[in-house]
Amino acid sequence: MGFDEFGLISFVPFTKVSDFVDYLRDGKLKGTHCKKCGAVYFPPRPECVKCWAPESEVEWMDFSGKGTLLTYTTIHAAPTGFENKVPYTIGVVDLAEGGRLLAMIENTPDNEDDIELNAEVEVEPKMVDDNRLIYVVKLI
Ligand SMILES: [Zn+2]
């Protein structure tokens, strides 16, 4: 299985790290890390762009899903595939193990000004709409 069922619309149905979607389906948040230099990647990368180690030196690793909220915004004019979700709030999360992601905040308070920067968050895979896989952020 590839990336064809990841996200509300998949623009990249095939990559070297397509196992990522299988892990999400199993409820696991995984990225990759370089055995040679220790670099951590989320989203996963098949090769290391820091020390140029090949695919054989990069392996999958578990992510706890814990992180901190770097910034957020509420979307009122959505891109293709998200039109029926407006308004929705997205956040940029720095994951505890390293790596960064952008995802919808699932439990946005009524007043978005109540969201605190650097708040502790949890990221988890979620199945939405017609069998589409995304990951969401929860403020904790
Ligand atoms: Zn490396």
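Residues numbered from 1 in each chain as written. Predicted model: local features only at pLDDT ≥ 70, side-chain atom pairs only at ≥ 80, totals over all residues.

**Student:** Account for the pairing of strand β8 (residues 132-139), with residues named and values stated.
**Tutor:** Within a regular strand, the side chains alternate between the two sheet faces. The sheet contact formed by strand β6 (residues 100-105) and β8 spans two bridges and is parallel. Opposite Ile 105, over in β8, you have Val 137 as the bridge partner. As paired strands, strand β7 (residues 120-128) and β8 are joined by eight bridges and run antiparallel to one another. Residue pairing across strands places Glu 124 opposite Val 136, the latter belonging to β8. Between β7 and the antiparallel strand that follows it, β8, lie three residues; Asp 129 among them carries a positive phi value of about 45 degrees. (Pairing = 2+ DSSP bridges. Helix = DSSP H or I, 4+ residues; strand = E, 2+ residues; numbered from the N terminus.)

**Student:** With reference to specific residues and values, describe the nonpolar core.
**Tutor:** By size, the foremost hydrophobic cluster in this structure holds 18 residues, and its most contacted members are Val 21, Leu 24, Val 93, Val 123 and Val 137. For this core, the secondary structure elements donating two or more residues are α1 (19-25), β5 (88-95), β7 and β8. Both domains that meet at this core, namely domain 1 (3-62) and domain 2 (66-139), each give it at least three residues. Sequence-distant contacts of Val 123, that is, excluding residues within four places in its chain, are made with Leu 29, Gly 65, Gly 67, Val 93, Leu 101, Ala 103, Tyr 135 and Val 137. (Core = buried A, V, L, I, M, F, W, Y, C linked by C-beta atoms within 7 Å. Buried ≥ 20, exposed ≤ 12 C-beta atoms within 10 Å, placed from the backbone. Domains from an automatic or database assignment. Contact = placed C-beta atoms within 7 Å.)

**Student:** An account of the sheet that holds strand β4 (residues 66-75) is needed here, citing residue identities and associated values.
**Tutor:** Taking strand neighbours around the barrel as the criterion, the five strands line up as β4-β5-β6-β8-β7 in a closed arrangement whose pairing is mixed. Neighbouring strand axes in the sheet, compared pairwise and without regard to direction, differ in orientation by 45 degrees on average. Summarising the sheet, β4 and β5 pair through eight bridges and their orientation is antiparallel. Looking across to β5, one finds that Ile 75 is bridged to Tyr 88. (Axes fitted to C-alpha atoms, helices over the stretch in contact; angles between N-to-C directions.)

**Student:** Before we move on, could you go through the domain arrangement of the protein chain and cite the residues and values that matter?
**Tutor:** In terms of domain boundaries, the protein chain breaks down into domain 1 (3-62) and domain 2 (66-139). Contacts between the two partners involve 15 residues from domain 1 and, on the opposite side, 16 residues from domain 2. Elements that contribute at least two residues to the side of domain 1 that touches domain 2 include exactly α1 and β2 (40-41). With three residues, α1 is the largest single contributor of residues to the side of domain 1 that touches domain 2. When its residues are assigned to classes, the side of domain 1 that touches domain 2 shows 10 nonpolar, three polar and two charged. (Nonpolar A, V, L, I, M, F, W, Y, C, P; charged D, E, K, R; others polar.)

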